[in-house]
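Inside the fold
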Amino acid sequence: MAALAEIDLETLTPEQREAAVQAIMALETLRTENEVLTDRNEAQSERIRRLEHLVRELQRVIYGKRSEKLTPDERQLAFEDLVAAAEEIEEAITPADPTPAQSPKRPRPARNLGHLPDHLERIEQVIEPESRLCPCGCGEMVRIGEDRSERLDIVPAQLRVIVTVRPKYACRRCEEGVTQAPAPARLIEGALPTEGAIAHVLVSKYADHCPLHRQTQIYARSGLDLDRSTLAGWVGKASFHLRPVVDRLARHLKRSSKLFMDETRAPVLDPGCGRTKTGWLWALARDDRSWGGPDPPGVVYFYAPGRGGEHAERFLDGFDGILQVDGYAGYSRLAGPSRKSGAPLRLAYCWAHCRRRLREIHDSSGSEIAAEGLRRIAELYAIEADIRGSPPELRLAERQTRSAPLVEAFGEWLTQQRARVSPKSRLGEKLAYIARHWDGLRIFLDDGRVEMDSNAVENSLRPVVLTRKNALFAGHDDGAAAWGRIASLIQTAKLNEVEPYAWLKATLEAIAAGHPNDRLDELLPWNFKPASS
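The following refers to the structure shown. Since this is a predicted model, take the numbers as computed values, not measurements. (Residues numbered from 1 in each chain as written. Predicted model: local features only at pLDDT ≥ 70, side-chain atom pairs only at ≥ 80, totals over all residues. Heavy atoms only, no water.)

What follows covers unusual backbone geometry. Even without glycine at this site, His209 takes up a positive phi of about 60°. Relative to the elements of secondary structure, His209 occurs in the loop between helix H4 (195-206) and helix H5 (212-221). You will see that Glu497, though not glycine, has its phi angle at about 55°, which is positive. With respect to the helices and strands, the residue Glu497 is situated in the loop between helix H14 (477-495) and helix H15 (500-512). In this structure Glu497 comes out as exposed when scored by relative accessible area, which is 75%. (Helix = DSSP H or I, 4+ residues; strand = E, 2+ residues; numbered from the N terminus. Buried < 20%, exposed > 50% of the residue type's maximum accessible area, 1.4 Å probe, protein only.)

Checked against the element boundaries, Gln215 lands in helix H5. Residue class for Gln215 comes out buried when judged on its relative accessible area of 2%. Separated by 11 residues in the primary sequence, Gln215 and Ser204 have C-alpha atoms spaced 7.9 Å apart. In this structure, Gln215 is in contact with Val201, Ser204, Lys205, Cys210 and Leu231, ignoring residues within four places of it in sequence. (Contact = heavy atoms within 4.5 Å.)

This brings us to the packing of helix H9 (residues 368-387) against helix H10 (residues 392-420). Two numbers describe a pair of packed helices, the interaxial angle and the distance between the axes. With their axes 10 Å apart at the nearest point, H9 and H10 run at an angle of 175° to one another. Classed by the angle they form, the pair H9 and H10 counts as roughly antiparallel. Of the residues in H10, those touching H9 at Ile369, Glu372, Gly373, Arg376, Ile377, Glu379, Leu380, Ile383, Glu384, Asp386 and Ile387 are Arg395, Glu398, Arg399, Arg402, Ser403, Leu406, Val407, Ala409, Phe410, Trp413 and Gln417. Class assignment of the residues belonging to the contact of H9 with H10 gives a composition of 10 nonpolar, 3 polar and 9 charged. (Axes fitted to C-alpha atoms, helices over the stretch in contact; angles between N-to-C directions. Parallel < 35°, antiparallel > 145°, perpendicular 65-115°, else oblique. Nonpolar A, V, L, I, M, F, W, Y, C, P; charged D, E, K, R; others polar.)

A few words now on the side chain of Asp453. Of note, Asp453 is situated in the loop between helix H12 (438-441) and helix H13 (455-471). There is no salt bridge for the buried Asp453, and the closest opposite charge comes from Arg355, which lies 5.3 Å off by N-O distance. At 2.7 Å, the side chain of Asp453 forms a polar contact with the side chain of Tyr381. Among the polar contacts made by the side chain of Asp453, one reaches the main-chain amide nitrogen of Asn455 at a distance of 3.2 Å. Every residue in contact with Asp453, bar those within four places of it in the chain, is listed here: Phe260, Gln324, Cys350, Trp351, Ala352 and Tyr381. (Lys, Arg positive; Asp, Glu negative; His and termini not counted. Salt bridge = Lys/Arg side-chain N within 4 Å of Asp/Glu carboxyl O. Polar contact = N/O pair within 3.5 Å; in protein donor to acceptor, adjacent residues only side chain to side chain.)

Tallying each qualifying case throughout the model produces 28 salt bridges. In this structure, Arg399 and Glu384 form a salt bridge, with 2.7 Å as the shortest nitrogen-oxygen distance. On the criterion of sequence distance, the pair formed by Arg399 in helix H10 and Glu384 in helix H9 is long-range, its members being 15 residues apart. Of the residues examined, Arg399 reaches a relative accessible area of 0% and is grouped as buried. Between Arg402 and Glu398 there is a salt bridge, with the nearest N and O atoms lying 3.2 Å from each other. Here Arg402 and its partner Glu398 are both found in helix H10, 4 residues apart, which amounts to about one turn of the helix.

A few words now on empty space enclosed by the protein. The final tally for this structure, using the stated rule, is 1 cavity of 30 Å³ or more. Its volume calculated, the largest cavity comes out at about 60 Å³. If you trace the largest cavity, you find it lined by Tyr206, Tyr301, Pro463, Val464, Thr467, Trp483, Ala487, Ile490, Gln491 and Lys494. With 5 residues, H14 is the single largest residue contributor to the lining of the largest cavity. For the lining of the largest cavity, the per-class residue count stands at 7 nonpolar, 2 polar and 1 charged. (1 Å grid on protein atoms, 1.4 Å probe; cavity = no way out; pocket = protein on both sides within 12 Å on 5 of 7 lines; lining within 4 Å. Points joined across faces, edges and corners; volume = space filled by probe spheres on them.)

Set out below in structure tokens:
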């Protein structure tokens, strides 16, 4: 470049001068492109370093030692942040006006692009060119086609006021009286909310896990000042009116011959102490979808101030059959002759809890015995995966043929290992846990309707746990009971693939209009038919 700059162009012939000028321009272009490529290379190197860091974070989330303790919802929170960070990196390095010469076109992952549902409202924005006159002066151009693209737009929740006008009519000739249409029924007489507004508050709190104080902040951004205590009052009144529906749902579940049961903590504010006490929400669930049962799935949450087995016994009054549970000792009284609310129940225990205990030992010490137990349990679950969705008769036949020999071999192996391992060691305690529940672990071999584990009810407890994490605690025992009632209905709607808000709004409107108590079955979530259908 310096040599070209020293050349005296005046001494060159016209042909040489033109060639020199072109060479200078070409070198200048190459220098500019080199600077652009250098900058791009540095940006790409920085992008690679950041993405490698995100990959390591993602691997820790998926494969880290604590991954067994994370629920899918908790893992999803980490995924959301990682995806958002990766997209931020991509957006930062994307040129404002990329050309093929600058960077090759790379296909981006298709995340819902071009798959917007047909039922969403379409608002067309037609963008015309500044002028439709032909540049060569031929006149106005004609339309020969168009390009269409769709983007998702989100409008915040619309708040509106329903004004009810009831005209009064009287006769001009006499004074016999005045006629007026009756006022429409309301769930809460003399209060502000419609049934749709109450349903929205309930779904936001118990389905979307948005506590009331956050809802008040959301409404405040729209210019509506609603006190938290006001929303709490709506929740309490709705819970009162929905209680007969929940009671009816519970009676339906307890007519079944096989149910699941589990419990989880429900912190409750202890009045006068300035702290919380530990209450419990007990979940009673039915889910026969794995063997094509005729009864729809459902769950009811009962609140109790303690975890004693007497609470489970009270909740199960009227139920006789097989109860699938974990190894909590409080359930043992249900299988004894002293059960007050009916005949002794058959307790089917959970293989998933056995697997978790062996997994804890294997992860902490790498025990070969624990690894062998996990391998044997995995063989049983592989058979269950093959027969899932089959009729109970086929499931029973397959289990007798394929699973029963494996279970018997597992029992012999368990006896041998317990003789070798100290009962006071951690592994010895885990093996003893399996041995104590051995009879209940074998029940699934004798009944094609029974599952190998109680995961169905554990999955139904996850929404309760999420609500607990966001709301921290219930304000009172009655508030915890209301929590259980409303969560029961919303979770049952979700299990039956019913949109919770649409069902709850219609149900509250029906209750306000005086729906008769002898037709409560019509209000259960699995009987709901949307107006559009």
